[in-house]
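# Coordinate analysis (summary)
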Amino acid sequence: LDTHTRSIALPAHITLADVCAQLDATSWSAQVMDPADFQHQYAYRLPERHSLEALSFALAQHRPALLPSAPASLQLRHWPDLTAAEVPNAWLPAIARLHAGAYTVDTLAPHCRLPRATMVSLFSAASACGLALSPESALPSVSSRAPGAGRATAGETAFLLRLARRFGLGLSRGHAA
């Protein structure tokens, strides 16, 4: 789990769905290491990189109960960093609408012909990975040149801390942000 690049490194044969299925396994191990050590010792064994946004949407699909509560309404800050294989095709119209404007779960679910529970999972995933621009927060998008660009928001930090704890890492808020 790399909080600087906001990604997770996996072996070539492991998918995000596999990770979601194995989150309760006791065989996980983790250690804090600097990027140079990772490159030298593990990069060849963990060649696949997936964004934390992709992990959040995989959790929405496979383990939605692990995600935080969904906000009442939201708009996406930007299009999620996903590949076509990482979300069901039926979710794409909802993601596109959330990218274009703010919606509530109850407004968007019937419009996209998705079950309400699926829409709640999508909203939760967007919130967990920091993509949610909810009317309640109305936070502006962070430009790549702005001070603090690339820093985790409060919601992202809490999610990353929970995920890090699950993998056995004891990060403080300063390391996760």
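Residues numbered from 1 in each chain as written. Predicted model: local features only at pLDDT ≥ 70, side-chain atom pairs only at ≥ 80, totals over all residues. Heavy atoms only, no water.

## Concerning the overall build of the protein
Short version of the rule: Secondary structure elements are defined from DSSP: runs of H or I of at least 4 residues count as helices, runs of E of at least 2 residues count as strands, and each element is numbered from the N terminus. Whether two residues touch is decided by their heavy atoms; if any such pair falls within 4.5 Å, the residues are in contact. For accessible areas, the Shrake-Rupley method is used with a probe of radius 1.4 Å. Any residue's cover is judged against the shown protein chains and nothing else.
Scanning the protein from terminus to terminus reveals 8 helices and 5 strands. Counting from the amino terminus, helix and strand elements in the protein follow one another as β-α-α-β-α-β-α-β-α-α-β-α-α. The contacts in the protein between residues at least 6 apart in sequence include a share of 72% that link residues at least 24 apart. Summing over all exposed atoms, the protein offers an accessible surface of approximately 9800 Å²; the carbon and sulfur share of this is 55%.

## Observations regarding helix α6 (residues 116-128)
Heads up, the condition is: Expected span, for any helix, means 1.5 Å times one less than how many residues it has. Between buried and exposed lies partly exposed: a residue is buried under 20% and exposed over 50% of the maximum accessible area for its type, with that area taken using a 1.4 Å probe on protein chains only.
Helix length check: α6, at 13 residues, gives a terminal C-alpha distance of 18 Å against a target of 18 Å (1.5 Å per residue), a fit within 8%. Listed as buried for α6 are M119, S121, L122, F123, S124, A125, A126 and A128. G130 sits one or two positions beyond α6 and adopts a positive phi of about 85 degrees.

## Focus on the environment of A102
Inspection of the secondary structure puts A102 in the loop between α4 (92-100) and β4 (103-104). On a C-alpha basis, the gap between A102 and A132 in space is 9.6 Å, while along the polypeptide they are 30 residues apart.

## Some details on the pattern of salt bridges
We apply this condition: A pair is scored as a salt bridge if a Lys or Arg side-chain nitrogen falls within 4 Å of a carboxyl oxygen belonging to Asp or Glu.
One pass over the full model with this rule turns up 2 salt bridges. A salt bridge links D24 to R63; its shortest N-O distance comes to 2.6 Å. Taken together, the residues span a long stretch of sequence, with D24 in the loop between α1 (16-21) and α2 (35-41) and R63 in the loop between α3 (52-62) and β3 (73-76) at a distance of 39 residues. R116 is paired through a salt bridge with D106; the nearest N and O atoms lie 2.6 Å apart. You can see R116 sitting in helix α6 and its partner D106 sitting in helix α5 (residues 105-112), a full 10 residues away along the chain.

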